[in-house]
Amino acid sequence: MSRYILALDQGTTSCRAILFNRQGHIVGVAQQEFPQIYPKPGWVEHDPEAIWSAQIAVARSVLAANQVSAGDIDSIGITNQRETTMVWDRDTGKPLMNAIVWQDRRTAGLCDTLKREGFDRVIREKTGLVTDAYFSGTKVAWILDNVPGARALAEAGKLAFGTVDSFLIWRLTGGRLHITDVSNASRTLLYDIHEGAWSEPILQRLNIPASMLPQVVPSSSVYGETVAEWFGVPIRLAGIAGDQQAATFGQACYQPGMAKNTYGTGCFMLMNTGSAARESAHQMLSTIGWRVGDEPVQYMLEGSVFIGGAVVQWLRDEMKMIGSAAETEEIALSLKDNGGVYVVPAFVGLAAPYWDSYARGTIVGLTRGSGRAQIVRASLEAIAYQTRDVLQSMQADSGLELQALRVDGGAVQNNFLMQFQADILGVPVERPAVTETTALGAAYLAGLATGFWSSQAEIEAQWVLEKRFEPQMSRDERDSLYAGWQRAVARSREWEQA
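Let us look at the structure shown here. Within each chain, residue numbers correspond to sequence positions counted from 1 in written order. Confidence filtering applies because this is a predicted model: local features only for residues at pLDDT of at least 70, side-chain atom pairs given and counted only at 80 or more, and all residues used for totals across whole chains, interfaces and linings. Excluded from the side-chain calculation are hydrogens and water; included are all heavy atoms of the structure.

## With respect to the overall build of the chain
Each helix is a run of H or I in the DSSP string that is no shorter than four residues. Each strand is a run of E no shorter than two, and both are numbered from the N terminus. Counting secondary structure elements, the chain contains 17 helices and 23 strands. For the chain, whose C-alpha radius of gyration is 22 Å, the value lies close to the compact-globule estimate of 23 Å for 498 residues. Taking the principal axes of the C-alpha coordinates as reference, the chain spans close to 60 × 50 × 45 Å. Looking at the chain as a whole, 63% of its 498 residues qualify as buried. Here the chain contributes 43 positively and 54 negatively charged side chains, and the mean placements of these two sets differ by 3 Å. When we talk radius of gyration, it's over C-alpha atoms, and the globule rule is simply 2.2 Å times the number of residues to the 0.38. Per-residue accessibility, obtained with a 1.4 Å probe over protein chains only, is compared with the maximum for each type, and a residue is labelled buried under 20%, exposed over 50%, and partly exposed between these values. His is not counted here, nor are the chain ends, while Lys and Arg score as positive and Asp and Glu score as negative. Lys charges are placed at NZ, Arg charges at CZ, Asp charges at CG and Glu charges at CD.

## Quick word on unusual backbone geometry
Note the cis peptide between alanine 352 and proline 353, where omega equals -5°. When you line up the elements, proline 353 lands in the loop between strand 19 (342-344) and strand 20 (362-364). One non-glycine residue with positive phi stands out, namely glutamate 83, at about 70°. Inspection of the secondary structure puts glutamate 83 in the loop between strand 5 (73-80) and strand 6 (86-89).

## Focus: the pattern of salt bridges
Salt bridge, as used here, is a side-chain nitrogen of Lys or Arg placed within 4 Å of a carboxyl oxygen of Asp or Glu. Under the criterion given, the structure shown has 27 salt bridges. Between lysine 336 and aspartate 337 there is a salt bridge, with the nearest N and O atoms lying 3.9 Å from each other. Exposure remark for lysine 336: the relative accessible area of 77% places this residue in the exposed category. With a relative accessible area of 35%, aspartate 337 lands in the partly exposed category. Glutamate 430 is paired through a salt bridge with arginine 468; the nearest N and O atoms lie 2.5 Å apart. Of this pair, glutamate 430 sits in strand 22 (residues 429-432) while arginine 468 sits in strand 23 (residues 465-469), and the two are 38 residues apart along the sequence. What makes glutamate 430 buried here is its relative accessible area of 11%. Members of the salt-bridge network, linked through shared partners, are Arg82, Glu83, Arg187, Asp243 and Glu302.

## Focus on the layout of surface pockets
Here a cavity denotes grid points, spaced 1 Å and computed from the protein atoms alone, that fit a 1.4 Å probe unable to get out, and a pocket denotes an open set having protein on both sides within 12 Å along at least 5 of 7 lines; residues with an atom within 4 Å of a point are the lining. Grid points are joined across faces, edges and corners, and a volume is the space filled by probe spheres set on the points. Considering only enclosed or pocket space, the second largest pocket measures out at about 220 Å³ in volume. Lining the second largest pocket are 14 residues, with Lys336, Arg377, Phe416, Phe420 and Met473 sitting closest to its centre. Of all the elements in the fold, those that place two or more residues in the lining of the second largest pocket are helix 13 (372-398), helix 14 (415-425) and helix 17 (475-492). Considering every element that reaches the lining of the second largest pocket, the biggest residue donor is helix 14, with four residues. Residues are grouped as follows: Ala, Val, Leu, Ile, Met, Phe, Trp, Tyr, Cys and Pro are nonpolar; Asp, Glu, Lys and Arg are charged; every other residue, Gly included, is polar. Considered class by class, the residues forming the lining of the second largest pocket number six nonpolar, two polar and six charged.

## A short note on the sheet that holds strand 13 (residues 220-225)
Strand pairing is defined by DSSP finding a minimum of two bridges between the two strands. Reading across from one edge, 3-2-1-5-14-13 is the order of the six strands in this open sheet, with mixed pairing throughout. Among the strands making up the open sheet, the edge pair consists of strand 3 (26-33) and strand 13. Looking at each pair of strands side by side, their axes are set apart by 25° on average, direction ignored. Alignment of strand 2 (residues 14-20) against strand 3, held across seven bridges, turns out to be antiparallel. Bridge pairing in strand 3 links isoleucine 18 to valine 29. Only the contacting stretch of a helix is used when fitting its axis, a line to C-alpha atoms as for every element, and angles between N-to-C directions run 0 to 180 degrees.

## Things to note about the nonpolar core
Where a protein is soluble and globular, its nonpolar side chains tend to be buried together. Among buried residues, those of type Ala, Val, Leu, Ile, Met, Phe, Trp, Tyr and Cys that are joined through side-chain atoms within 4.5 Å constitute a nonpolar core. With 131 residues, the main nonpolar core has Leu190, Met212, Phe249, Tyr263, Trp355 and Trp485 as its most contacted residues. With 12 residues, helix 13 is the single largest residue contributor to this core. Pairs of residues are marked as contacts when any of their non-hydrogen atoms sit within 4.5 Å. The residues contacting leucine 190, other than those within four sequence positions of it, are Thr127, Gly137, Phe161, Trp198, Ser199, Ile202, Leu203, Leu206, Ile208 and Leu213. Of all hydrophobic cores here, the second largest spans 42 residues; its members include Tyr4, Ala59, Val68 and Leu168.

## So, the sheet that holds strand 21 (residues 405-408)
As summarised here, the arrangement of the seven strands in space is 17-18-16-15-21-22-23, forming an open sheet in which the pairing is mixed. Of all strands in the sheet, those with a lone pairing partner are strand 17 (285-290) and strand 23, marking the two edges. For this sheet the average axis-to-axis angle between neighbouring strands, irrespective of direction, equals 30°. Pairing geometry for strand 15 (residues 259-263) and strand 21, over three bridges, is parallel. Each bridged residue has a counterpart across the sheet, and for lysine 260 the counterpart in strand 21 is arginine 406.

## Digging into helix 3 (residues 119-127)
Among all positions in helix 3, only Phe119, Ile123 and Thr127 are buried. Looking straight down helix 3, one finds that the buried residues subtend no more than 50° of arc, so they occupy a single side. For helix 3, exposure combined with an orientation more than 90 degrees from the buried face picks out Arg121 and Glu125. Looking at the buried positions of helix 3, the neighbouring elements they touch are helix 2 (108-117), strand 10 (191-192), helix 8 (200-206) and strand 17. Positive backbone phi, approximately 80°, marks glycine 128, located one or two places after helix 3. Arc, as used here, means the arc of the directions from the helix axis to the C-beta atoms.

Structure, rendered in structure tokens:
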């Protein structure tokens, strides 16, 4: 009997492969970073071949390191950085250009044009998304309009578009499968989340041939299998979800009103709204969470923060203020407060609820006594303030009061940040024993499809609390600090247009 699920977790800065057993425990992990490419200010790219080589390397590595054979693997679940856009040649499998990453802002001008036309209302109504350069649709249009020969190839049916999940599955299956799941499709700006189909009006407006698009499948289903060359024998492919939806599934947020926040490169809060999409009046996104087999689609409200943990990378790599992310907790705790300093990490604009492509990073409140420690602490606090921005909007949209926030991602190991998050939200923050919930969610989706796990109820019972952070700050202090944050954000807005 197969003993493990292999989760492939393709993130923004690294590829990972994680083995899970039937208890949902991690048996082994392999990770490999790949280069970030910045051709121009505001542009972010990845080399698809670098992603592929890193992902297949870690998948093989985790099996070898744990003396697990491919025959011991029940199935593979895939989770991926969302919205990052790849276009490749159907005949050769070769990418047409580098992937355009979700953080990339090159299509902000096209988004402005769509808004001036009023077409953003059509996009909002059909996709549940705001018209922003974040999403895949305008990136595909840019490739077709700017890569020589791309338009002719696309119209001849020779090009394939996909988010990273589609590209990996294409490669794993030797080009036999060109698919994506409902969660990733719902992030493209091209998918009608109500009709469950690619949107003809949006494809026509962006001039994207439908022949480029992958088939949309459930998040949990047996799709096919890998070709034997990658692991020695074929392995079933049975689960796909965009990273944030996968994390929500891994956190067992299966009931309406339950929410999780992932602290990764960005921060992403998702709240389950059940089998009905909720329209947002507060600039949240209505999106698809997942679809398990033939069951109804589960919808979410989502608030995205572009720069979460990436602000800590900035402190380390660009500002040289820290040697490692772990240092930030001790530095923050060395101060009694932020000394009036606020960091707004709008390095690539601001996401929810502002959606300001032209905002830029700002440090305000500096005095002669301000130094490294204040900036480090303020950078961590910024992650928590941005999360409050999102939660307030989400609760207003849903009418659902959050009882506790489940958290995951690399930054949740920072106890200062988690306590400050609970304080600034005024609700408990719950950190699970297994914080690798993105990969775990992909594993669960695959294992549900194959019968490795019997039901979502069985999965729910595996969720274990590691630590609960209770709010300790007074309401007056919380609101005063947050008012300072709002003033700081106002000074970062529309900077590029000034």
